[in-house]
Each structure stands twice: as structure tokens, then as C-alpha cells.
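# Examination of the molecular architecture
Spelled out from the first residue to the last, the chains are:
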Amino acid sequence: MKFLKNIQKLNGCQAGILTNQSAFGYLGKYHFQTYSEIFNLKTIFLPEHGLFAELQDQVSGDELSYLFGDMQIVNLYGKEESSLVPPKESLKNLDVVIIDIKDVGSRYYTFLTTAYYILEELSKLKKETGKSPVFLVIDCPNPIGTKVEGSPLQETYQSFVGVKSVLHRHGLTPGGLLTYYNETFHLNVDVVVVPVGVFHPTKVTSFEWVPPSPNIPTQNTCYVYPGMCLLEGTNLSEGRGTTKPFETFGAPYLLGKEKLELDKRLLSHQKGRFLLRNLRFLPTFHKYAGIICEGYQLMVLKPKQFHSLYFTLYFLKQVHELFPKQFEFLKGVYEFRSDRPAIELLAGDSYLLDYLHGKHSDSDLERYLEENETVWNKAIKPFRY
């Protein structure tokens, strides 16, 4: 293949890589093993969760270590916010920075935010010195395709779980989104995208799925995640501690006639696009560990039509209304920010937050989302690979 031949021309270049276990399969190896045979691989940048997705969410990787000879390990998810940005010293002696890591199609997912922070640092390095390493993105499919959902993240809510201007479900591949960042924010880094199909199959199948992080166990999880991740900002369990996180959700207090009314309201929403299975579940860790929760399994019937974000916003609004004394939006530090609650960082839009508090109708929300999705689709047209 032409791109493989071109990469071979970089033989011996000093390289660093942002990767984890999701970059696996080409020649039956982890991709960083393959690159180490081509490049002089000097540095592995670790994303959240570690190289083999060993760690749960919001757990520092400072204690992780691997036996890779003299290769430098740079942890980009430590105990301090400053750890999210790669040290200048880790970049300036590199010829190439490789990005080979799977995304799940949602802006909350932190891997491509880490890649964006690397891109920003390369831009600064280029301004200071006149040169910077090539930013080589090994592209892979978006597991939930090109469909988009949501509204642009407003700058005041920008954090590690959301880069400004991006929709909740962005509809791009890693190469597309990172090129969007480079061009839209005028970073002027030399970005090279290796097309899907060179190192990653053109289609993602459940048979080849490697969990990119502990709570994305299957490809199906990715379809509900753009909405259900909002539950992280509430006292509802998003199913961590079960075998179906984000597909399983609920709380101990979803009981009585209010629960029956909630069931009734959910049945009328997006009819025919999903199925809710009532259940009880017992999380083994995280929220409500060891406590029986009443809730649901969300089963998507029509992935191309189901709107995960709208479903979750609607669900939260109903729970807020029916269980006002029990339901809460969580406070405290979330992804290194303590000045705003998690739900604000995740929703990322004052209009959506107002909807959750009953200030907009369902039809108004639908119209608002449709308008923003249309604008985003036009904006990202040049970045679809």
C-alpha cells in the first residue's frame, strides 16, 4: 500500500505515540509493537485508563509502569490538571507524534481531547522554534458512524470532557476531528492522516471489538453513550459496576407510583426506536455499590434513528420532576474542574441545562437540536474521511 511505503520512508525517525490496547490487530500485534520496528519509538503517551485500559474513570495513572526497555512513559492522566498537557521536553526531540487510538464517537470521551492537547502543544512549539514534529493520525472508523447529535459545547463549559464547538456525538473519525481542531483553531501543525483500512479495518465489527476503556465493553455501548454519559452528573447509576454500563441504569429510589408514571412517559418517547427492559441490578462498585437499584436496560432497535442525547435529556427531566426529593445533580470536583457541576460540563450548553429545569418544551428542544445538527453537518463536511 502506498501509505505503508510512505511510513516505511520514516524508518528510524524518533517518534512518540498516544495509544492503548484499542490499537490492536494489524499483523496480529499491538500497533505500538509494529511501529517500534519502523520508528525509533522513544515515548509512549498514556491516556486515561492506561495502556491496557486497566484503570477506572477518573483514576490517576501515575503509578502505572511497563517494561519497555529505555522507552519513556509519559502519563497524561495524573493527579493534577497539569498532567493532562504533555511536557514540552517530551515533544521537542521527536520527529513524529503518532496518534493511534480508538474513539467512540462522543465528545466526552477523553482520548481525542488528550490528542487535542498534544496538538496544541505542538502548535506552541512550532511558534516558538519554527518547527514541530509531524502529527501522524492513524485513522480508524467511528463505531457509531456519521450520524450527529447535540449542540456545540459553549466555551465557558470547556473541560477535559469537551472541547469548545463540538457536538455531543460528532460523527467524525479521529483523523477528521483532529484535522477539524487543527484548521478551525488555526494551530498550523503538520497533520497527516493515514486512511482507515491501512492499519484498522474499514468496518468495526463486534467480533473484533477491543474495549478502549473499562466501561465501553461492546460496540453497542457506543450507541447509547452520547446521551447516557450525562448520568455521570447525577445521583443515578450509569451502570458502572455491572456488565452493561451505560446500557443499564437506575437508582434505589425509582419506586412506587412515580416509577410507574416514569415507565409510561418513557414508552411514549421515540416510539419504535428503542426498547426498555425493566430490571433490578446490583452494582459491584461505583455508585450504589452493593445496593439493589431499580432501573432499566436500554436496547436500541433502530440505531440510525435513535437519538441517545434526546432520550437521556428527556429521561432526566422526567426523573427530576417525578422524584424531586431524591434526584440530585452532583456537586464537587469532576474531571479537574470544581467551579461547575459535572452536568454543566457534560451538557455544555445553557439551553440544554434550562430544558432539564423545565424551561423549554420537548418540541422546542427537538427543534433546537435539529438546527444545531444541521449547522454542524455543514461545518464538518470538509473533515469527513
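These numbers were taken from a predicted model, which means no experiment stands behind them. (Residues numbered from 1 in each chain as written. Predicted model: local features only at pLDDT ≥ 70, side-chain atom pairs only at ≥ 80, totals over all residues. Heavy atoms only, no water.)

### A short note on the overall build of the chain
Test applied: By definition, any uninterrupted DSSP run of H or I lasting at least four residues is a helix, any uninterrupted run of E lasting at least two residues is a strand, and each is numbered from the N terminus. For each residue, the accessible area found with a 1.4 Å probe, counting protein chains only, is set against the maximum for its type, and the residue is called buried under 20%, exposed over 50%, and partly exposed in between. Residue contacts are counted whenever heavy atoms from the two residues lie within 4.5 Å of one another.
If you tally the helices and strands in the chain, you get ten helices and nine strands. Out of the 385 residues in the chain, the part that is buried amounts to 57%. Considering only contacts within the chain whose residues lie at least 6 apart along the sequence, 72% involve residues at least 24 apart.

### A look at the sheet that holds strand 4 (residues 96-100)
Basically, it comes down to this: Only when DSSP finds a minimum of two bridges between them are two strands counted as paired. Axes here refer to lines fitted to C-alpha atoms; in helices the fit is confined to the stretch in contact. Angles between the N-to-C directions go from 0 to 180 degrees.
Taking strand neighbours across the sheet as the criterion, the six strands line up as 3-2-1-4-5-6 in an open arrangement whose pairing is parallel. On the outer flanks of this sheet lie strand 3 (72-75) and strand 6 (191-194), each paired with one strand and no other. Strand-to-strand, the axes of this sheet are offset by a mean angle of 25 degrees, without reference to chain direction. Examined bridge by bridge, strand 1 (residues 14-19) and strand 4 share five bridges and lie parallel to one another. In the sheet register, Leu18 faces strand 4, and the bridge partner there is Ile99.

### Remarks on the UniProt feature "domain: Peptidoglycan beta-N-acetylmuramidase NamZ N-terminal" (unreviewed entry) in the chain
Inclusion rule: UniProt positions are given in the numbering used here, feature names are shortened, and annotations may be inferred rather than shown by experiment.
Per the UniProt record, the feature "domain: Peptidoglycan beta-N-acetylmuramidase NamZ N-terminal" (unreviewed entry) sits at residues 16-219. With 18% helix and 14% strand, the stretch residues 16-219 has end C-alpha atoms that lie 28 Å from each other.

### Some details on the UniProt feature "domain: Peptidoglycan beta-N-acetylmuramidase NamZ C-terminal" (unreviewed entry) in the chain
Sequence positions flagged by UniProt for "domain: Peptidoglycan beta-N-acetylmuramidase NamZ C-terminal" (unreviewed entry) are, in local numbering, residues 223-383. Annotated as 40% helix and 12% strand, the span residues 223-383 places its first and last C-alpha atoms 22 Å apart.

### Brief notes about the packing of helix 5 (residues 219-228) against helix 7 (residues 308-322)
For the record, the criterion: Should an angle fall under 35 degrees it is called roughly parallel, over 145 degrees roughly antiparallel, and 65 to 115 degrees roughly perpendicular, with every other angle called oblique. Handedness of a helix crossing follows the sense of rotation of the near helix relative to the far helix, less than a right angle counterclockwise being left-handed and clockwise being right-handed. Only Asp, Glu, Lys and Arg are considered charged in this grouping, and only Ala, Val, Leu, Ile, Met, Phe, Trp, Tyr, Cys and Pro are considered nonpolar; every other residue, Gly among them, is considered polar.
Packing of helix 5 against helix 7 leaves a shortest axis separation of 6 Å and a crossing angle of 45 degrees. Between helix 5 and helix 7, the interaxial angle falls into the category oblique. In terms of crossing hand, the pair formed by helix 5 and helix 7 is right-handed. Taking contact as the criterion, the partners of Tyr223, Val224, Tyr225, Pro226, Gly227 and Met228 in helix 5 are, on helix 7, Ser308, Leu309, Phe311 and Thr312. In the contact of helix 5 with helix 7, the residues fall into seven nonpolar, three polar and no charged.

### Details of empty space enclosed by the protein
The condition is simple: Each cavity reported here is a set of points on a 1 Å grid over the protein atoms alone in which a 1.4 Å probe fits but cannot get out, each pocket an open set with protein on both sides within 12 Å along at least five of seven lines, and each lining residue one with an atom within 4 Å of a point. Grid points are joined across faces, edges and corners, and a volume is the space filled by probe spheres set on the points.
Within the structure shown, the criterion is met by three cavities of 30 Å³ or more. The calculated volume of the largest cavity comes to roughly 180 Å³. If you go around the largest cavity, you meet 19 residues; those closest to its centre are Glu48, His49, Tyr225, Glu232 and Arg240. Its residues assigned to classes, the lining of the largest cavity comprises nine nonpolar, five polar and five charged.

### Focus on the pattern of salt bridges
Note the cut-off: By definition, a salt bridge exists where a carboxyl oxygen of Asp or Glu is found within 4 Å of a side-chain nitrogen of Lys or Arg.
Under the defined criterion, the tally for this structure stands at 20 salt bridges. Here Glu155 makes a salt bridge to Lys164, at a shortest N to O gap of 3.9 Å. Residue classification places Glu155 among the exposed residues on the basis of a relative accessible area of 56%. By relative accessible area, Lys164 is classed as partly exposed at 25%. When the shortest N-O distance is used, the salt bridge between Glu232 and Arg240 registers 3.0 Å. Accessibility classification places Glu232 together with Arg240 in one group, the buried group. Each of the salt bridges in this network shares a partner with another, and the network as a whole consists of Asp57, Glu232, Glu238, Arg240 and Lys287.

### Concerning unusual backbone geometry
Positive phi is not limited to glycine here, since Asn188 has a value of about 60 degrees. Structurally, the position occupied by Asn188 is in the loop between helix 4 (174-184) and strand 6. At Tyr288, a position not held by glycine, the phi torsion is positive, near 60 degrees. Within the secondary structure, Tyr288 sits in the loop between strand 8 (274-281) and strand 9 (293-300).

### Digging into helix 3 (residues 111-129)
Condition: Given a helix with a known number of residues, its expected span is that number minus one, times 1.5 Å.
Between its first and last C-alpha atoms helix 3 spans 27 Å; for 19 residues at 1.5 Å apiece the expected length is 27 Å, and the two agree. Once helix 3 ends, the next one or two residues include Gly130, with phi positive near 85 degrees.

### Some words on the packing of aromatic side chains
The line we're drawing: Between rings of Phe, Tyr and Trp, where Trp is taken as its six-membered ring, a pair exists when centres lie within 6.5 Å; planes separated by under 30 degrees are stacked, by over 60 edge-to-face, and by other angles tilted. Two thresholds decide whether a charge sits over a ring: the Lys NZ or Arg CZ must be within 6 Å of the ring centre and within 35 degrees of the ring normal.
Under the definition given, this model contains 35 aromatic pairs. Their ring planes at 75 degrees and their centres at 5.4 Å tell us that Tyr30 and Phe52 sit as a pair that is edge-to-face. Of the two residues, Tyr30 is situated in the loop between strand 1 and helix 2 (31-36) and Phe52 in the loop between strand 2 (40-46) and strand 3; the sequence distance between them amounts to 22 residues. For Tyr30, a relative accessible area of 24% corresponds to the partly exposed category. Considering the side-chain rings of Tyr109 and Tyr225, the 5.9 Å spacing of their centres and the 85 degrees angle between planes classify their relative orientation as edge-to-face. With a gap of 116 residues between them, Tyr109 in the loop between strand 4 and helix 3 and Tyr225 in helix 5 connect regions that are remote in the sequence. Note on Tyr225: relative accessible area 6%, which makes it buried. Residue placement shows Lys164 over the ring face of Phe185; its charged tip is 5.1 Å from the ring centre.

### Structural notes on the layout of surface pockets
Looking at the largest pocket, its volume works out to about 260 Å³. Lining the largest pocket are 16 residues, and of these Pro141, Asn142, Gly145, Thr146 and Thr173 sit closest to its centre. Looking at the lining of the largest pocket residue by residue, the classes come out as seven nonpolar, seven polar and two charged.

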